[in-house]
Each structure stands twice: as structure tokens, then as C-alpha cells.
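Close look at the chain arrangement
Letter by letter, the chains look like this.
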Amino acid sequence: HPEHVMPHCVRNFAVLDDQGRTLHASKDNHQTIRRIGFDTPVVTRSLKIRLDHPSPDLPASLFEVRCYGG
């Protein structure tokens, strides 16, 4: 891409638990693959990932989520 910032990359996102608590938030992201680790195990019935649109002309997209227990 000739752009300094990938135009389709979601810049701001958050991962929330089943109670709506923010487990992780990222601002000014520029990576297309993100790995998020937690120091302590997370116990929840579900995860919600909130994505901000990268621009008014582009939809926010998420292609894959993987969760691993330790």
C-alpha cells in the first residue's frame, strides 16, 4: 500500500466480557493481526469485540478470533 496507514485496518477496538467490562482496549492500532495475552485467566460466558469504523467510507471488519486456555 502506498499509504502510511493501512486504510482498512481497524484503528480502535475493545474486548469486553459478559458483564460489559473492558478486558482490553486498543487505540491507534496499525497491525492487521493482534495477539492479546492476559496476566491472569479470564472467566466469562462470552466476549464482545467492539470495533470502530476505520473511516466513514469503510465498514469495520473482523476475520478471525481465537481463544486459548492456559
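Figured I'd write up the structure that's included with this text. Note that this is a predicted model, so its numbers are computed, not measured. Sequence order as written defines residue numbering, which begins from 1 separately in each chain. In keeping with the model being predicted, local features are shown solely for residues with a pLDDT of at least 70 and side-chain atom pairs are shown and tallied solely at 80 or more, while totals for entire chains, interfaces and linings include all residues. Derived side-chain values reflect all non-hydrogen atoms in the structure, with water molecules and hydrogen atoms excluded from consideration.

Notes on the overall build of the protein chain
Heads up, the rule is: Under the scheme used here, helices are H or I runs from DSSP no shorter than 4 residues and strands are E runs no shorter than 2 residues, and both carry numbers assigned from the N terminus. Think of it in three bands: residues with accessible area under 20% of the maximum for their type are buried, residues over 50% are exposed, and the middle band is partly exposed, with areas taken using a 1.4 Å probe on protein chains only. The criterion used for residue contact is that any of the two residues' heavy atoms lie within 4.5 Å. The Shrake-Rupley method, run with a 1.4 Å probe sphere, supplies the accessible areas, and residue values consider only the shown protein chains as cover. In this tally, Asp and Glu contribute negative charge and Lys and Arg positive charge; neither His nor the terminal groups of the chain are included. Here the site of a charge means NZ on Lys, CZ on Arg, CG on Asp, or CD on Glu.
When its secondary structure is counted, the protein chain shows zero helices and three strands. Judged by the C-alpha coordinates and their principal axes, the protein chain covers about 40 × 20 × 20 Å. Counting across all 70 residues of the protein chain, residues that qualify as buried make up 17%. Once local pairs closer than 6 in sequence are excluded, the contacts in the protein chain between residues at least 24 apart make up 41%. Only carbon and sulfur atoms are counted for the fraction: they give 51% of the accessible area of the protein chain, which is about 6100 Å². If you average the places of the 9 positive and of the 8 negative side-chain charges in the protein chain, the two averages end up 5 Å apart.

Focus on a nonpolar patch on the surface
Put simply, the rule is: Put simply, a patch holds well-exposed residues, over 30% relative accessible area, that have no salt bridge, with like charges counted together within 9 Å and Val, Leu, Ile, Met, Phe, Trp or Tyr side chains within 5 Å. The term salt bridge refers to a pairing of a side-chain nitrogen on Lys or Arg with a carboxyl oxygen on Asp or Glu at a separation within 4 Å.
Residues Ile36, Phe38 and Val42 make up a contiguous nonpolar surface patch of about 220 Å² in total accessible area. With respect to the helices, strands and loops of the structure, isoleucine 36 is situated in the loop between strand E2 (22-26) and strand E3 (48-51). The exposure class assigned to isoleucine 36 is partly exposed, which follows from its relative accessible area of 32%.

A short note on the pattern of salt bridges
Following the criterion strictly, the structure yields three salt bridges and no others. Close ionic contact of arginine 21 with aspartate 17 constitutes a salt bridge, the shortest N to O distance being 2.7 Å. Between glutamate 64 and arginine 66 there is a salt bridge; the shortest N-O distance is 2.6 Å. For glutamate 64, a relative accessible area of 52% corresponds to the exposed category.

A short note on the environment of leucine 62
Relative to the elements of secondary structure, leucine 62 occurs in the segment after E3. Look at leucine 62 and you get partly exposed, because its relative accessible area is 47%. Taking the C-alpha atoms as reference, leucine 62 lies 9.8 Å from threonine 32; in sequence the two are 30 residues apart.

Some details on the sheet that holds E3
To be explicit about the condition: Pairing between two strands is assigned when DSSP locates at least 2 bridges connecting them. To get an axis, a line is fitted to the C-alpha atoms, and for a helix only the part in contact is used. The angle between two axes follows their N-to-C directions and goes from 0 to 180 degrees.
Taken together, three strands build an open sheet; the order of strands is E2-E1-E3 and the sheet is antiparallel. The two strands at the open ends of the sheet, each matched to only one other strand, are E2 and E3. Across this sheet, the average inter-strand angle for adjacent strands is 15°, counted without regard to direction. In this structure, strand E1 (residues 13-16) lies alongside E3, joined through four bridges in antiparallel fashion.

Everything listed is a geometric property; what it means functionally is a separate question.
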